[in-house]
Amino acid sequence: MISVIIPTYNEKKNISKIIKKLQQEKKISEIIFVDDNSTDGTFLELKKFATNKKIKVFLRNFGRRDLSKSVLFGVGKSKNNLILVMDCDLQHNPKYIKKMYKIITTKYTDIVIASRFAGKSFEGNLGFFRSLISNFAITSINLLFGKKSYDPLSGFFICKKQIITKYNGQFFKKGYKILFDIIYNGKKDLKIKHLKIFFNKRRYGNSKFNLKVVMLFIAQIIHTLIVVKKIK
């Protein structure tokens, strides 16, 4: 069974919609929301669904807002050996979860990444500017660390819980690219598969992409270059 981890920040209008879609997936036994102290009433909206046994709601109101910390917090509260991480904004379509589950349970693999690109350099609903930045970042990552994934910056993936819990002592544990931590700062011989997805257009709320996200990712790359390479 799958534990779904969804970090949230100002996603009030998307809560009921994503819960409705995820409840249709039989392989999901728990949906864990970790709210990063939203200012739009997201946590209060989440609490309306907390009576559902499948749904767990947590408020992370200590320290700075941080997606990676929220995901790791959610993993610590999960009970299953399979973890699925996704955004709350519905750009990650839950319809792909069945295929992702099938791949990770029938093929020898540690992680299945839902890739926005998988060989293509531009994804329409990601936007030209975001696609350009993402592809520049991915090309840089491949040059620095070697190519392990088409989309090491994806926020939509399913993996074995152990590859997070066993290796998170080496993770950067900050910022918005937890998948990068798992791939490059964790298990060395990670078995990776990909599933090409169509990236939906956001209907409600705003993108969290900004200069702070970029600066934290640069710091994460430096961490990987200096700290983790010494360990390995």
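For the structure, check the block above.
Below or above, wherever it landed, is the structure these notes cover. Keep in mind that this is a model prediction, so the values were computed, not measured.

With that settled, the discussion passes to the pattern of salt bridges. Two side chains with opposite charge may pair up if their charged atoms get near one another. Inspection of the entire model under this criterion finds four salt bridges. The shortest N-O distance in the salt bridge between Arg-60 and Asp-36 comes to 3.0 Å. With Arg-60 in the loop between strand S3 (55-59) and helix H3 (67-77) and Asp-36 in the loop between strand S2 (28-35) and helix H2 (42-47), this residue pair connects regions lying 24 residues apart in the sequence. With respect to burial, Arg-60 and Asp-36 carry one shared label: buried. Here Lys-48 ties to Glu-45 by a salt bridge, and the two come within 3.1 Å at their closest N and O atoms.

What follows is about a nonpolar patch on the surface. Taken together, the side chains of Leu-144, Leu-211, Met-215, Ile-218, Ile-222, Leu-225, Ile-226 and Val-227 define a hydrophobic patch exposed on the protein surface, amounting to about 700 Å² of accessible area. In terms of residue count, helix H8 (residues 211-231) provides more of the nonpolar patch than any other element does, seven residues in total. For Leu-225, the position within the fold is in helix H8.

In space, the seven strands of this open sheet follow the order S3-S2-S1-S4-S6-S5-S7, with mixed pairing throughout. Where the open sheet ends on each side, the last strands, each with one partner, are S3 and strand S7 (192-196). With direction set aside, neighbouring strand axes in the sheet form an average angle of 20°. For strand S5 (residues 111-115) and strand S6 (residues 157-160), the ladder comprises three bridges, and the chain directions are antiparallel. Pairing of Val-112 across the sheet is with Ile-158, part of S6. Sheet strands in contact with helix H4 (residues 97-106) are strand S1 (2-8), S2, strand S4 (82-85), S5, S6 and S7, and its direction is about 30° off that of S6.

Ranked by internal contacts, the top residues of the largest apolar core, which has 33 residues, are Ile-111, Phe-157, Ile-164, Ile-178 and Ile-182. Among the elements that line this core, the one with the most residues is helix H7 (residues 178-184), at six residues. Beyond its immediate sequence surroundings of up to four residues, Phe-157 is in contact with Ile-83, Leu-84, Val-85, Met-100, Ile-111, Val-112, Ile-113, Ile-178, Leu-179 and Ile-182. Listed in part, the 30 residues of the second largest apolar core include Leu-46, Val-57, Leu-84 and Ile-158.

The residue Asn-37 is not glycine, and still its phi comes out positive at about 60°. You can see Asn-37 is positioned in the loop between S2 and H2. Look at Leu-90: it is not a glycine, yet its phi comes out positive at around 70°. In this fold, Leu-90 is placed in the loop between S4 and H4. Given a relative accessible area of 15%, Leu-90 falls into the buried group.

For the rest of this paragraph, the subject is the packing of aromatic side chains. This model, assessed by the stated rule, comprises six aromatic pairs. On the basis of an interplanar angle of 55° and a centroid distance of 6.3 Å, the ring pair of Phe-62 and Phe-73 is categorised as tilted. Note that Phe-62 is positioned in the loop between S3 and H3 and Phe-73 in helix H3, a separation of eleven residues in sequence. Aromatic side chains Phe-145 and Tyr-184 sit 5.3 Å apart centroid to centroid with 45° between the ring planes, which places their arrangement in the tilted category. Residue Phe-145 is found in helix H5 (residues 128-145), and its partner Tyr-184 is found in helix H7; the two are separated by 39 residues along the sequence. Each member of the pair, Phe-145 as well as Tyr-184, is classed as buried. A network of ring pairs unites the aromatic residues Phe-145, Phe-180, Tyr-184 and Phe-217 as a single cluster.

A few words now on H3. By the burial criterion, the buried members of H3 are Leu-67, Ser-68, Ser-70, Val-71, Leu-72, Gly-74 and Val-75. In this structure, the buried side of H3 is in contact with S1, S2, S4, helix H6 (162-165) and H7. Sitting at the head of H3, Asp-66 places a side-chain oxygen 3.1 Å from the backbone nitrogen of Ser-68.

What counts as what
Residues numbered from 1 in each chain as written. Predicted model: local features only at pLDDT ≥ 70, side-chain atom pairs only at ≥ 80, totals over all residues. Heavy atoms only, no water. Salt bridge = Lys/Arg side-chain N within 4 Å of Asp/Glu carboxyl O. Helix = DSSP H or I, 4+ residues; strand = E, 2+ residues; numbered from the N terminus. Buried < 20%, exposed > 50% of the residue type's maximum accessible area, 1.4 Å probe, protein only. Patch = residues over 30% accessible without salt bridge, like charges linked within 9 Å, V, L, I, M, F, W, Y side chains within 5 Å. Areas by Shrake-Rupley, 256 points an atom, 1.4 Å probe, with all protein chains shown as cover. Pairing = 2+ DSSP bridges. Axes fitted to C-alpha atoms, helices over the stretch in contact; angles between N-to-C directions. Contact = heavy atoms within 4.5 Å. Core = buried A, V, L, I, M, F, W, Y, C linked by side-chain atoms within 4.5 Å. Phe/Tyr/Trp six-rings, centres within 6.5 Å; stacked < 30°, edge-to-face > 60°. Polar contact = N/O pair within 3.5 Å; in protein donor to acceptor, adjacent residues only side chain to side chain.

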